[in-house]
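Per-entry structural report
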Amino acid sequence: MSSIKQFQVTFDCAEPERVARFWCEVLGYVVSPPPKGFATWDDFDRSRSPEDRGSWFACSDPSGVGPRLFFQRVPEGKVVKNRLHLDVRVGTGLVGEERLAALEAECARLVALGAVRVRLLYDGNDSCIVMQDIEGNEFCLD
């Protein structure tokens, strides 16, 4: 049996480039290079049929540690809760008010980028903030 060495996380969305650029800002990722043979994403898109232009986009961790994120256009919008979500780890090792302050600061930054705060889960010690990205996909600040 072989072991998996790499994986990517794929998002279904309406506007792949817009959502990819949002997640670049959230995670400190960079836009992945366009497919081989193309100098820019615009060059790549111009080579495609009009209905396929802008149908996908990708970003990656510049350090090479985190997974590649792939965004593909789908015709339907999100209608129910995600079955999978990302936990953006900003409070690792922190507890109580210190953890909450770190999460709240990151929440404010992401809301300015277009994210939506859904709710705070806080028991006096542990906390997380449930949020939505710019197309309504849930994720947690953890």
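Quick caveat: nothing in here was measured; it's all calculated off a predicted structure. Along each chain, residue indices are assigned from 1 in the same order as the chain's sequence is written. Owing to the predicted nature of the model, reporting of local features is limited to residues with pLDDT of at least 70; listing and counting of side-chain atom pairs is limited to 80 or more, with chain, interface and lining totals taken over all residues. Water and hydrogen atoms were dropped before computing side-chain values, which therefore reflect all heavy atoms in the structure.

1. Comments concerning the pairing of strand β7 (residues 127-132)
Here's how the labels work: a residue is buried when its accessible area is under 20% of the maximum for its type, exposed when over 50%, partly exposed in between, all with a 1.4 Å probe on protein chains only. Helix and strand assignments follow DSSP, with helices taken as H or I runs no shorter than four residues and strands as E runs no shorter than two, numbered in order from the N terminus. Taking burial as the measure, the six residues of β7 include five buried ones, the bulk of the element. Bridge count between strand β6 (residues 116-122) and β7: six bridges; the pairing is antiparallel. Along β7, the bridge assignment pairs R117 with M131. The turn joining β6 and β7, which pair antiparallel and follow one another in sequence, is formed by four residues; a positive phi near 95 degrees is taken by G124. At least two DSSP bridges between two strands are needed for those strands to be called paired.

2. A few points about the sheet that holds β7
Strand-to-strand pairing in sheets goes through backbone hydrogen bonds, with the strands running parallel or antiparallel. With respect to topology, four strands assemble into an open sheet ordered β5-β8-β7-β6, the strand pairing being mixed. The two strands at the open ends of the sheet, each matched to only one other strand, are β5 (86-88) and β6. When strand polarity is set aside, the average angle formed by the axes of neighbouring strands in this sheet is 25 degrees. A fitted line through C-alpha atoms serves as each axis, taken over the contacting stretch for helices, and the angle formed by two N-to-C directions is quoted from 0 to 180°.

3. Re the nonpolar core
Buried residues of nine kinds, namely Ala, Val, Leu, Ile, Met, Phe, Trp, Tyr and Cys, make up a nonpolar core once their side-chain atoms join them within 4.5 Å. With 26 residues, the main nonpolar core has W23, L69, F71, L110, M131, F139 and L141 as its most contacted residues. Among the elements of the structure, β1 (8-13), α1 (16-27), α2 (41-46), β3 (56-60), β4 (68-73), α3 (96-112), β7 and β8 (138-141) are those that each provide at least two residues to this core. Pairs of residues are marked as contacts when any of their non-hydrogen atoms sit within 4.5 Å. In contact with W23, not counting residues within four places along its chain, are F11, G28, L69, F71, L86, V88, D133 and F139.

4. Topic: the pattern of salt bridges
Throughout this description, the term salt bridge denotes a Lys or Arg side-chain nitrogen within 4 Å of a carboxyl oxygen of Asp or Glu. Tallying each qualifying case throughout the model produces eight salt bridges. In this structure, E15 and R18 form a salt bridge, with 3.6 Å as the shortest nitrogen-oxygen distance. Salt-bridge contacts for R21 lead to E17; the nearest nitrogen and oxygen are separated by 2.8 Å. Placement of both R21 and E17 in helix α1 is noted, with a separation of four residues, approximately one turn of the helix. When its relative accessible area of 37% is taken as the criterion, E17 is described as partly exposed. It is possible to trace a salt-bridge network through shared partners that takes in R89, R99, D126 and D142.

5. A short note on the UniProt feature "domain: Glyoxalase-like" (unreviewed entry) in the protein
UniProt positions are given in the numbering used here, feature names are shortened, and annotations may be inferred rather than shown by experiment. Following the UniProt record, one finds the feature "domain: Glyoxalase-like" (unreviewed entry) at residues 8-141. Annotated as residues 8-141, this span is 26% helix and 29% strand, and its ends, taken at the C-alpha atoms, are 20 Å apart.

6. Things to note about the sheet that holds strand β2 (residues 30-31)
One open sheet holds the four strands; their spatial order is β1-β4-β3-β2, and the pairing between them is mixed. With one partner strand each, in any of the chains shown, β1 and β2 form the two edges of the open sheet. Relative to β4, α1 is tilted by about 155 degrees, and along the sheet it contacts β1, β2, β3 and β4.

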